[in-house]
Number of protein chains: 2
Amino acid sequence: MDHAAKRPIGVFDSGVGGLTVLKALQERLPAEDYLYLGDTARLPYGTKSAQSVTRYALQCTRLLVDRGVKLLVVACNTASSVALPALEAAYPGLPVVGVVRPGARAGCRLTRTRKLAVIATESTVAGGAYQAAIRELCPEMEITALACPLFVALAEEGWTEGPVAEETARRYLAPLFNGQDGEGREGGPDTLVLGCTHFPLLVRAIAAVAGPGVSIIDSAATTAAEVAERLAETGLAAPGPGPGAARFLATDGAARFARVGGRFLGRGLAAEDVSLVDL
Amino acid sequence: MDHAAKRPIGVFDSGVGGLTVLKALQERLPAEDYLYLGDTARLPYGTKSAQSVTRYALQCTRLLVDRGVKLLVVACNTASSVALPALEAAYPGLPVVGVVRPGARAGCRLTRTRKLAVIATESTVAGGAYQAAIRELCPEMEITALACPLFVALAEEGWTEGPVAEETARRYLAPLFNGQDGEGREGGPDTLVLGCTHFPLLVRAIAAVAGPGVSIIDSAATTAAEVAERLAETGLAAPGPGPGAARFLATDGAARFARVGGRFLGRGLAAEDVSLVDL
């Protein structure tokens, strides 16, 4: 048993969205300790340039490495889209898992029609990382990528059900799945990848528009499965049995992080559970 | 005629929202030159702490002062709420106009029932600057302050009309103006201050819920009127006749700034019109 196995898993995101990934990790790997960093002072990453996001991701990683994490989960689609090569180059000994490749892999595995849709923030869509990861696995895949930035605001506001969420989902997704006129569309995508950590909170409204024939992939669960594999491969799994602890760091607004974050984590968080850090 | 009068007016905001203020300034004071700075790398300010927002505002002001502005408009409600004392202390010779006091003053002037409502971002509401500014002018005012963060996302997405905007306005505002049951409420506020520069884009949806008896105050126009007064007082008005020029600076994402900003400015902006700057 490597002593390193007792060290925590580091998880970072631009804010609270990555807590859906932490939740999936805790469910899948309950014996592990976790150190979560939300870079709330600079959220959202989704509207920022690749260059800025890469710089922020390097700073987040430095802080988590300094605190001794054994494996890094980039629980932010924007950062996973643009910053992984820079992180892997800067920390060659550190296993790094992003959320893009696990979601892309699950999408390729699940589709029967080879027609995939990915919904994400503006910059994730524009950056093209999902499209590239999917094409690498399955070059002939037909991919539709669509930016749905309002879902982020709805998740943060807690308006995950009701007419605003339903109408927003309809406006974004009906053209994709049902055609503009509301009639069933033959030949639409049969699989939908949620390419933003905020989107699992809106899965009911999204599924209602996509319809029962469409598989929806939550990249939090697929990322947790990939982390389990990487721990097994590297011999870094916690000696267990757990349950492990989770600690929370934020670069700004601990009270808001706790209040909004609780919805993403699926359990209450108090402002005292969150420590402020500078990057 | 002071040579200083020929210098531009500096305007800053966390992003594109302040362009509604610039638009009002250009309409009211067409002979002036303007230098607009959107701190898009760090938007939104509305979810960040007062300490961070003050630090950012000082950096924005330093850049605009270095470029020779004669008067500073803080076209961001969050920064106007928390940072004006620090800016005035750091730059004692510079006239500084925020967007909070003009809106508060117009609200106090217009209400007949002494019942005012203010809608804004979370941090503007929590910071209490509108409430304080209104109470200073009229201590016995009955004030309701309500955070409506989804309006920001709707304005940026361009969904300013249609069912999502209408339903969002209804969910936020119907309890204020009509009661939860949709019945007319006697004794509700007769004046509504839009305490966020994004909100004028949604004025139709907001007015539809507030009803015809409620005066809506757009702080962009009231701020432009205050700037006109300050220029007259200080002898700094441009020799004119104009039209003056406007230049645009952003700390990230020039293409997105131009695309989204055009909606706020009410005229097309090209990415080439926007220069990237570092703070």
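Residues numbered from 1 in each chain as written. Chains lettered and ligands numbered in written order. Predicted model: local features only at pLDDT ≥ 70, side-chain atom pairs only at ≥ 80, totals over all residues.

1. Digging into the overall build of chain A
Test applied: Segments assigned H or I by DSSP are reported as helices when at least four residues long, segments assigned E as strands when at least two residues long, and all are numbered from the N terminus. Note on burial: count the other C-beta atoms lying within 10 Å of the residue's C-beta; 20 or more is buried, 12 or fewer is exposed, in between is partly exposed, and C-beta positions come from the backbone. Contacts are defined on C-beta atoms placed from the backbone: any two residues whose C-beta positions lie within 7 Å are in contact.
Helix and strand content of chain A: twelve helices and ten strands. With respect to the principal axes defined by its C-alpha atoms, chain A has extents near 60 × 40 × 40 Å. By the burial criterion, 54% of the 279 residues in chain A qualify as buried. Taking as baseline every contact in chain A between residues at least 6 positions apart, the subset at least 24 positions apart corresponds to 77%.

2. Let's talk about the sheet that holds strand β6 (residues 142-147) of chain B
Residue and element names in this part refer to chain B. Just so we agree on the cut-off: When DSSP finds two or more bridges between two strands, those strands count as paired. In this analysis an axis means a line fitted to C-alpha atoms, helices contributing only their contacting stretch, and an angle means the value between N-to-C directions, from 0 to 180 degrees.
Strand order in the open sheet made by the four strands is β6-β5-β7-β8, with parallel pairing throughout. Edge positions in the sheet fall to β6 and β8 (215-218), since each of these pairs with one other strand and no more. For this sheet, the mean angle separating the axes of adjacent strands, direction not counted, is 20 degrees. Of the strands in this sheet, β5 (115-120), β7 (191-194) and β8 touch helix α5 (residues 100-110), which is tilted by about 160 degrees from β8. This element, helix α10 (residues 203-210), spans β7 and β8 of the sheet and lies at about 155 degrees to β8.

3. Re the sheet that holds strand β2 (residues 34-38) of chain B
Residues and elements named next belong to chain B. Here six strands make up an open sheet; going across it, the order is β4-β3-β1-β2-β9-β10 and the pairing parallel. Pairing within the sheet leaves two strands with one partner each, and these edge strands are β4 (96-98) and β10 (274-276). With direction set aside, neighbouring strand axes in the sheet form an average angle of 20 degrees. With four bridges connecting them, strand β1 (residues 9-13) and strand β3 (residues 71-74) associate as parallel partners. Residue pairing across strands places I9 opposite L71, the latter belonging to β3. Strands β3 and β4 of the sheet are contacted by helix α11 (residues 219-234), whose axis makes an angle of about 165 degrees with β3.

4. Overview of the relation of the copies chain A and chain B
Two copies of a chain can be linked by a rotation about an axis combined with a shift along that same axis. Note the following rule: Our superposition of the copies is a least-squares fit, built on the C-alpha atoms of residues whose pLDDT is at least 70 in both.
With an RMSD of 0.0 Å, the fit of chain A onto chain B corresponds to turning through 180 degrees and sliding 0.0 Å along the axis. In short, the pair behaves as if placed about a two-fold rotation axis.

5. Looking at the packing of helix α5 (residues 100-110) of chain A against helix α7 (residues 129-137) of chain A
All names here are of chain A. Definition in use: When an angle is under 35 degrees it counts as roughly parallel; over 145 it counts as roughly antiparallel; between 65 and 115 it counts as roughly perpendicular; any other value is oblique. By the definition used in this description, the sense in which the near helix is turned from the far one sets the handedness, with an anticlockwise turn below a right angle giving left-handed and a clockwise turn giving right-handed.
Running from N to C, α5 and α7 point in directions that differ by 50 degrees, and their axes come no closer than 9 Å. Relative to α7, the element α5 is oriented oblique. For the pair α5 and α7, the sense of crossing is right-handed. Residue-level inspection shows V100, R101, A104, R105, G107 and C108 of α5 in contact with α7, the latter providing A129, Y130, A133, I134 and L137.

6. Points about the nonpolar core
Put simply, the rule reads: As used throughout, a nonpolar core is a set of buried Ala, Val, Leu, Ile, Met, Phe, Trp, Tyr and Cys residues joined through C-beta atoms within 7 Å of each other.
Among the nonpolar cores identified, the biggest contains 186 residues, and A:V74 and B:V74 are the most heavily contacted of them. With sequence-adjacent residues up to four places away left out, A:V74 is seen in contact with A:F12, A:A57, A:A79, A:S80, A:A83, A:L84, A:V96, A:G98 and A:V99.

7. With respect to the pairing of β3(B)
Residue and element names in this part refer to chain B. Of the two faces of β3, the one lined by L71 and V73 and the one lined by L72 and V74 are each fully buried. Direction of pairing for β3 relative to β4: parallel, over a ladder of three bridges. When the bridges of β4 are listed, L72 appears paired with V96.

8. A few points about the interface of chain A and chain B
For interface size, the figure often reported is the accessible area lost on association. To keep things clear, this is the line we draw: Residue classes follow a fixed rule: Ala, Val, Leu, Ile, Met, Phe, Trp, Tyr, Cys and Pro count as nonpolar, while Asp, Glu, Lys and Arg count as charged, and any other residue, Gly among them, counts as polar.
Each partner contributes residues to the interface: chain A has 19 residues there, and chain B has 19 residues. The set of elements that each furnish at least two residues to the side of chain A that touches chain B consists of α8 (150-157) and α9 (163-177) of chain A. If you tally residues by element for the side of chain A that touches chain B, the top one is α9(A), at five residues. Residue composition of the side of chain A that touches chain B, grouped by class: seven nonpolar, five polar and seven charged.

9. Some thoughts on the domain arrangement of chain A
Residues and elements named next belong to chain A. The following threshold applies: Domain boundaries shown here were taken from an automatic or database domain assignment.
By the assigned domains, chain A splits into domain 1 (3-98 + 221-276) and domain 2 (101-219). If you look at the interface, domain 1 gives 26 residues, while domain 2 gives 23 residues. Broken down by secondary-structure element, the contributors of at least two residues to the side of domain 1 that touches domain 2 are α1 (19-28), α3 (77-82), α11 (219-234) and α12 (254-265).

10. Digging into α8(A)
Burial within α8(A) is extensive, with eight of its eight residues counted as buried. Turning to α8(A), its buried residues number three or more, namely A:L150, A:F151, A:V152, A:A153, A:L154, A:A155, A:E156 and A:E157. Against α9 and α12 of chain A together with α8 (150-157) of chain B lie the buried residues of α8(A).

11. Focus on the packing of α5(A) against α11(A)
All names here are of chain A. Where α5 meets α11, the closest approach of the two axes is 8 Å, and the angle between their N-to-C directions is 105 degrees. Between α5 and α11, the angle falls in the class roughly perpendicular. Here P102, G103 and A106 of α5 come into contact with α11, specifically with S219, T222, T223, A225 and E226. Split into classes, the residues belonging to the contact of α5 with α11 amount to three nonpolar, four polar and one charged.

12. Description of the confidence of the model for chain A
Residue and element names in this part refer to chain A. For clarity, the cut-off: pLDDT gives the predictor's per-residue confidence on a scale running from 0 to 100.
Of all residues in chain A, 96% attain a pLDDT of 70 or more, and the chain-wide mean is 92. When the criterion is pLDDT under 50, residues 180-184 qualifies, and its contacts beyond four places in sequence or with other chains add up to four contacts. This complex was scored by the predictor with a pTM of 0.88 and an ipTM of 0.84.

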